[in-house]
Amino acid sequence: MKRKFPEKTGFEYLNNPSKHRIALVYPDDYRVAMSNLGFIYLYQQLLKNPGIYVERFFNVSSDESGSKLSSFNTIFVSIPYENLILNFIDILEASGMGVNKRTNLIIAGGVAVTMNPLLIKDIVDLIYLGEVDERLETILYNLLRLKKRDFIEWAINEEYFIGFNINEKYPKKPERVKDLNKIHTLSQVISANTVFSNTTLVEFSRGCSSKCKFCVTGNYTGSRRQRDALSFIKLIESDFCKDFPKKLGIIGSDIRPDRELNMILDYLIQSRYITGFSSLRFELIKDLLIVEKLKKLNVKTITLAPEVGTARMSKIIDKYFSLDEIMGLAQNLANMGFKNIKFYFIVGLPYEEDEDIMAIVEIAKLLRGLKCRIHFSISGFVPKPWTPFEKIEINPLETLSRIAKIRKEISKYRNVKLSCESGKEFIKEYLLSRADSDFILRLKESFLNYRALPKFLKETAKNVDNNLDLLHSLIAVPLL
């Protein structure tokens, strides 16, 4: 098959077009999709099934052959973020498969639709709840032996599937993998055209032991589960990786400075791996021995997520730190020769005041003199299902106004790079996080080309309260 982007695989597979045809959809561009380990892992597992033919779709046509989406028996779609739902609807309509205009079986999964199945219940046939790793073999066995109607009937009787007759927001408990050591979540497909160029991604942990009040990971994706050091080392030294560059991306939302991590780092240093991490906790960066090991592994960027600028706000969100800790960690990292330090902040959180916003600006001011590149990433707070802040009412336009204020102030510091979430994407996420599928279809009709939105956002400073009413009236559907 001819692909748009060259890839290297660590295994052989038979992809026979005469078998059951599955389209695997990630409604974003190739660079983003093939940097998602969950999507890559599912693709690998489908390729290895002798009864299945699979192609990937990131837009209307297949990445492999240019085939039409409508020519596939079954469509698996991965939707980790709410904003991708609109992209998926666009793909269906461009393929002549709009709502009620198709015969294909569509199964959706991903955190966004698992958190709130109502988002997509009228657009797909089935929604898989949670982590599919340990159930995939059973699902594929029944998919190959049953007709569409019979498969749907089988699936909705299983605890980890829900069908189109959803009448409550959280109808079933999501499936969770208990032992990561039994799951070989490692990317056996690498490419130069991804976020992590020519990098083998390997999962170290899932879930989170912290339960920050705004965060989906700790409150929804389950308790922290970690791979043992020996399991990790065995995985990266498998035959799958023997011809790959010794460049690893270690995936985990709650990586802590324990004995297992130290064993892994020692092995990677000895084996001369180049290594990057998806995220690092404050507790880990406080451990100077581990930071020294990260330096030996050629880690160039350290990412920290204080989220807020004051100790008062850190207590409110249950993520405790002090300004002195941030400054001390950043100073130590710069002194040790790390070239890039990135900070994540959230604006618009409950009980936030003006001084909390200006504290973020003050942190940028204090950090600007360090001998390294400082990068601030600012996003707006959106209440998410399953979190303690789910029912909190926010004013999204006030949030945008505060982000604009931060941008204006920090832009004065030339050696602090700043990236802020766009107003358009923030408004979409705000609306989608509170929606059902009827709302989504009307949202798409109103904002398909977002012609009204730029002008609307430009005028937000004039009258925030009136513009909030206007935002809701543009959609003409009350928020849930």
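In this report, we go over the structure that sits alongside the text.

Conventions adopted
- Residues numbered from 1 in each chain as written.
- Predicted model: local features only at pLDDT ≥ 70, side-chain atom pairs only at ≥ 80, totals over all residues.
- Heavy atoms only, no water.
- Pairing = 2+ DSSP bridges.
- Helix = DSSP H or I, 4+ residues; strand = E, 2+ residues; numbered from the N terminus.
- Salt bridge = Lys/Arg side-chain N within 4 Å of Asp/Glu carboxyl O.
- Buried < 20%, exposed > 50% of the residue type's maximum accessible area, 1.4 Å probe, protein only.
- Axes fitted to C-alpha atoms, helices over the stretch in contact; angles between N-to-C directions.
- Phe/Tyr/Trp six-rings, centres within 6.5 Å; stacked < 30°, edge-to-face > 60°.
- Lys NZ or Arg CZ within 6 Å of the ring centre and 35° of its normal.
- Lys, Arg positive; Asp, Glu negative; His and termini not counted.
- Polar contact = N/O pair within 3.5 Å; in protein donor to acceptor, adjacent residues only side chain to side chain.
- Contact = heavy atoms within 4.5 Å.
- Right-handed = clockwise from strand over helix to strand, strands pointing away.
- Core = buried A, V, L, I, M, F, W, Y, C linked by side-chain atoms within 4.5 Å.

## Some remarks on the sheet that holds strand β3 (residues 52–57)
Link 1 in the chain: Across the sheet, six strands lie side by side as β3-β2-β4-β5-β6-β7; this open sheet has mixed pairing. Lying at the two open borders of the sheet, with one neighbouring strand each, are β3 and β7 (161–162).
Link 2 in the chain: Here strand β6 (residues 126–128) pairs with β7 via two bridges, running antiparallel. When the sheet's bridge partners are listed, Tyr 128 is paired in β7 with Phe 161.

## Quick look at the pattern of salt bridges
Link 1 in the chain: Enumeration according to the criterion identifies 26 salt bridges in this entry.
Link 2 in the chain: Two residues, Glu 131 and Arg 206, come together in a salt bridge whose shortest N-O distance is 3.0 Å. On the criterion of sequence distance, the pair formed by Glu 131 in the loop between β6 and α5 (136–145) and Arg 206 in strand β10 (residues 205–206) is long-range, its members being 75 residues apart. Judged on exposure class, the residue Glu 131 and its partner Arg 206 are both buried.
Link 3 in the chain: The salt bridge involving Arg 402 is made with Glu 398; its shortest N-O contact spans 3.7 Å. Here Arg 402 and its partner Glu 398 are both found in helix α15 (residues 396–410), four residues apart, which amounts to about one turn of the helix.

## What about the sheet that holds strand β9 (residues 200–203)?
Backbone-to-backbone hydrogen bonds join strands into a sheet, with any given pair of strands oriented parallel or antiparallel.
Link 1 in the chain: The strand order across the open sheet built from three strands is β9-β12-β13, with neighbouring strands paired in parallel fashion. Both outer strands of the open sheet, β9 and β13 (274–277), are each paired with one neighbouring strand and no more. Going across the sheet, the axis of each strand differs from the next one's by a mean of 25 degrees, ignoring polarity.
Link 2 in the chain: Where strand β12 (residues 247–251) and β13 come together, four bridges link them in parallel fashion. In the sheet register, Gly 249 faces β13, and the bridge partner there is Gly 276.

## Quick notes on the packing of aromatic side chains
Link 1 in the chain: The full count for this structure, using the stated rule, is 17 aromatic pairs.
Link 2 in the chain: When the centroid spacing of 6.3 Å and the interplanar angle of 80 degrees are considered together, the rings of Phe 151 and Phe 161 count as edge-to-face. Note that Phe 151 is positioned in helix α6 (residues 148–156) and Phe 161 in strand β7, a separation of ten residues in sequence. Per residue, the accessibility class of Phe 151 equals that of Phe 161, and both read buried.
Link 3 in the chain: Connected via pairs of aromatic rings, a cluster forms that spans Tyr 128, Phe 151, Trp 154, Tyr 160 and Phe 161.
Link 4 in the chain: One Lys or Arg, Arg 176, reaches over the ring of Tyr 220 and ends 5.0 Å from the middle of that ring.
Link 5 in the chain: Between the NZ or CZ atom of Lys 295 and the centre of the ring of Phe 338, over which it lies, the distance is 5.2 Å.

## A short note on the side chain of Arg 227
Link 1 in the chain: Structurally, Arg 227 is set in the loop between β11 (225–226) and α8 (229–236).
Link 2 in the chain: Lacking a salt bridge, the buried Arg 227 has Glu 203 as its closest oppositely charged neighbour, with an N-O distance of 4.1 Å.
Link 3 in the chain: Among the polar contacts listed, one links the side chain of Arg 227 to the backbone oxygen of Ile 183, at a separation of 2.8 Å.
Link 4 in the chain: A distance of 2.8 Å separates the side chain of Arg 227 from the side chain of Thr 185, its partner in a polar contact.
Link 5 in the chain: The residues contacting Arg 227, other than those within four sequence positions of it, are Leu 180, Asn 181, Ile 183, Thr 185, Glu 203, Phe 204, Phe 232 and Leu 235.

## Thoughts on the pairing of β12
Link 1 in the chain: Note that β9 and β12 share four bridges and pair parallel. Each residue of the ladder has a partner; that of Glu 203, found in β12, is Ile 251.
Link 2 in the chain: A crossover connection joins β12 to the parallel β13 through helix α9 (residues 259–270); in handedness this β-α-β unit is right-handed.

## Focus on the nonpolar core
Link 1 in the chain: Counting 73 residues, the largest nonpolar core has Ile 285, Leu 294, Phe 343 and Phe 376 as its most contacted members.
Link 2 in the chain: Dropping the residues within four chain positions of it, Leu 294 is found in contact with Leu 265, Phe 277, Leu 280, Leu 284, Ile 285, Val 299, Ile 302 and Phe 338.
Link 3 in the chain: Counting residues in hydrophobic clusters, the runner-up holds 61 residues, among them Ala 23, Val 25, Trp 154 and Ala 435.

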